[in-house]
Amino acid sequence: MSSDIKGLNEECGVFGVYNHVQAAHMTYYGLHSLQHRGQEGAGIVVSDGDKLEQSKGHGLVTEVFDESKLAHLPGQKAIGHVRYSTTGDKSYENIQPLLFQSQTNTLSVAHNGNLVNASRLRSALEDEGSIFQTTSDTEVIAHLIRKGGKQPSHKRIKASLKQLEGAFAIVMLHDNQLIAALDPRGMRPLSLGKVGDSYVIASETCAFDVVGADYVRDIQPGEYLVIDENGVNSSYFSEPNDRAICTMEYVYFARPDSQVDGDNIHRTRKQLGKKLAETDPVEADVVTGVPDSSISAAIGFAEASQIPYELGLIKNRYVGRTFIQPSQELRERGVRMKLSPVRKVVEGMRVVIVDDSIVRGTTSRRIVSMLKEAGAKEVHVRITAPPIKHPCFYGIDTSTSSELIAANYSVEETREKIGADSLCYLTSEAMVNVIDRDDESKNQGHCLACFTGNYPTEIYDHSVLPHEKEQSVEHSTS
Ligand code: AMP
Ligand code: SF4
């Protein structure tokens, strides 16, 4: 969520709870189940009705918090955040939730997504005298809200949210209330749940299961939800704009047991795999998926193609996501540490390997060569999304154009580079049809910008990247 142009995008998860005696513990469990959305830092802010207390740190949720830390966070309301950032901006100050205390009020904010006009807003605020403590977009939101100095009213908070452009799913603690808001295009998922007399808000519904909450509904684009002693009060800070929910949430990012926009992610991925088997069939002996995010799709591919699904790759669970490694060399080693082939399954076989995406090509190249080294006769790569040719400015790290293999090479060149016997991607149309369950009436609008280059918003701060556009146009041949 930083406003820096290159590579500071973050994928994050947010959680909030209202009216639970162990709000910090609930938040800990919620964040733990959202850990896949960010492994670099975690934080919790609790409110006991009088004041807000904060605890945060670098690392996994289990590394940042232990029982004694949670015991020192008393209160019945809490918000929490897990954070992922790619390069550079790893400072402690940027770990969320951010907490702002003044003599008259306290406010805490946690945010998932990326603003595309944060730099502009920040410059304007600095010109007016604001002094920033962090490089996070989230602080821009807080400064907008606090501008004027007095106790922020809902009217002022809503007016501030209206100035933001991009993707934002926000939870806030303010004045004894838990507030949730979603950007007018609904680009990131955000849901409301209930457990007993408590309410919970989470980036993904998998966080509800772990705290025993029932799913109530999704927060709507442009919606502003205030939860307090009067219950849940819904209003809108903005008219909903054209819906643009991130397709990568379905394809890669969300956990298979989550529901996004009413659809179970495992089911959707299985259907994507099935569709791929229809559009790009291949004669083979076994189908395997890249763990964990592509297992569901591989099962679907196997079912539709009637080629047996096998466990051809094993994941070492104690290695973080390869993307986190900053240099290409470390990323390559990361893939080797993370995945191992099951020799007995692939030896002498024609293998279909299903994955959700190719970004830089590191994972696919390593997997193909690992499978071949383990004796696979042929390796056919099937991807359940279209080629990623454009950077994402909305909070998913899909890297810059110069690093994106599909921005620089055709499908055939990519196939050659990764050493596969064949390589096929799902088309945007096929992917969207699956996500919409082939039901036009359900077409809720998707962001496809990293595939098509059609960004659903103005990209403001990022429009200074013409060299990236040139690069992707010059070299894009597929
Ligand atoms: P790469 O090795 O750079 O081609 O990255 C592709 C692999 O990273 C795939 O196996 C995906 O499951 C995974 N992936 C795709 N998008 C992202 C992302 N935004 N952040 C982290 N990993 C990703
Ligand atoms: Fe998601 Fe791609 Fe859009 Fe980014 S550009 S929000 S990753 S669909």
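Quantities reported herein were computed from a predicted structural model and do not represent experimental measurements.

## Re empty space enclosed by the protein
Over the atoms rolls a probe the size of a water molecule, and in doing so it shows where empty space is left.
Next, step 1: For the structure shown, the criterion picks out 4 cavities of 30 Å³ or more.
Next, step 2: By volume, the largest cavity amounts to about 100 Å³.
Next, step 3: Lining the largest cavity are 16 residues; nearest its centre among them are C246, C392, Y394, C447 and C450.
Next, step 4: Listing elements by their share of the lining of the largest cavity, those giving two or more residues are α8 (247-253) and α17 (449-452).
Next, step 5: The class makeup of the residues in the lining of the largest cavity is 13 nonpolar, 2 polar and 1 charged.

## With respect to the site of ligand 2
Next, step 1: In the region of ligand 2, the neighbouring residues are R188, C246, T247, M248, C392, Y394, I396, C447, A449 and C450.
Next, step 2: Comparing atom positions with the cavity grids shows ligand 2 to sit within the largest cavity.
Next, step 3: Elements that contribute at least two residues to the shell around ligand 2 include exactly α8 and α17.

## Some thoughts on unusual backbone geometry
Next, step 1: The omega torsion across Q96 and P97 is 0 degrees, close enough to zero to call that bond cis.
Next, step 2: Cis geometry marks the peptide bond from P291 to D292; its omega dihedral reads -10 degrees.
Next, step 3: Located in the positive-phi region is N176, a residue other than glycine, with phi close to 65 degrees.
Next, step 4: Residue placement: N176 occurs in the loop between β7 (169-174) and β8 (177-182).
Next, step 5: Judged by its relative accessible area of 33%, N176 falls in the partly exposed class.
Next, step 6: If you check the backbone angles, Y460 has positive phi at about 30 degrees while not being a glycine.
Next, step 7: For Y460, the location among the structural elements is in the loop between α17 and α18 (466-475).

## Considerations on the site of ligand 1
Next, step 1: Around ligand 1, the structure places 16 residues, and the nearest of them are D355, R360, G361, T363 and D397.
Next, step 2: In the environment of ligand 1, an oxygen atom lies 2.7 Å from a nitrogen or oxygen atom belonging to the side chain of D355.
Next, step 3: At 2.5 Å, a side-chain N or O of T363 approaches an oxygen atom of ligand 1.
Next, step 4: For ligand 1, whose unbound accessible area comes to 500 Å², protein coverage reaches 96%.
Next, step 5: Those elements that place two or more of their residues in the shell around ligand 1 are α8 and α13 (362-373).

## Observations regarding the pattern of salt bridges
Where charged atoms from two side chains of opposite charge approach closely, those side chains can pair.
Next, step 1: In the structure shown here, the tally under the stated rule is 20 salt bridges.
Next, step 2: Of the charged contacts, one joins R122 and E126 as a salt bridge, the two residues approaching to 3.9 Å between their closest N and O atoms. One end of the pair is R122 and the other is E126, both in helix α4 (residues 118-127) and 4 residues apart, which spans about a single turn.
Next, step 3: Accessibility expressed as a relative area gives 13% for R122, which makes it buried.

Cut-offs applied
Residues numbered from 1 in each chain as written. Chains lettered and ligands numbered in written order. Predicted model: local features only at pLDDT ≥ 70, side-chain atom pairs only at ≥ 80, totals over all residues. Heavy atoms only, no water. 1 Å grid on protein atoms, 1.4 Å probe; cavity = no way out; pocket = protein on both sides within 12 Å on 5 of 7 lines; lining within 4 Å. Points joined across faces, edges and corners; volume = space filled by probe spheres on them. Helix = DSSP H or I, 4+ residues; strand = E, 2+ residues; numbered from the N terminus. Nonpolar A, V, L, I, M, F, W, Y, C, P; charged D, E, K, R; others polar. Near = heavy atom within 4 Å. Sits in = over half its atoms within 2 Å of the grid points. Buried < 20%, exposed > 50% of the residue type's maximum accessible area, 1.4 Å probe, protein only. Polar contact = N/O pair within 3.5 Å; in protein donor to acceptor, adjacent residues only side chain to side chain. Areas by Shrake-Rupley, 256 points an atom, 1.4 Å probe, with all protein chains shown as cover. Salt bridge = Lys/Arg side-chain N within 4 Å of Asp/Glu carboxyl O.

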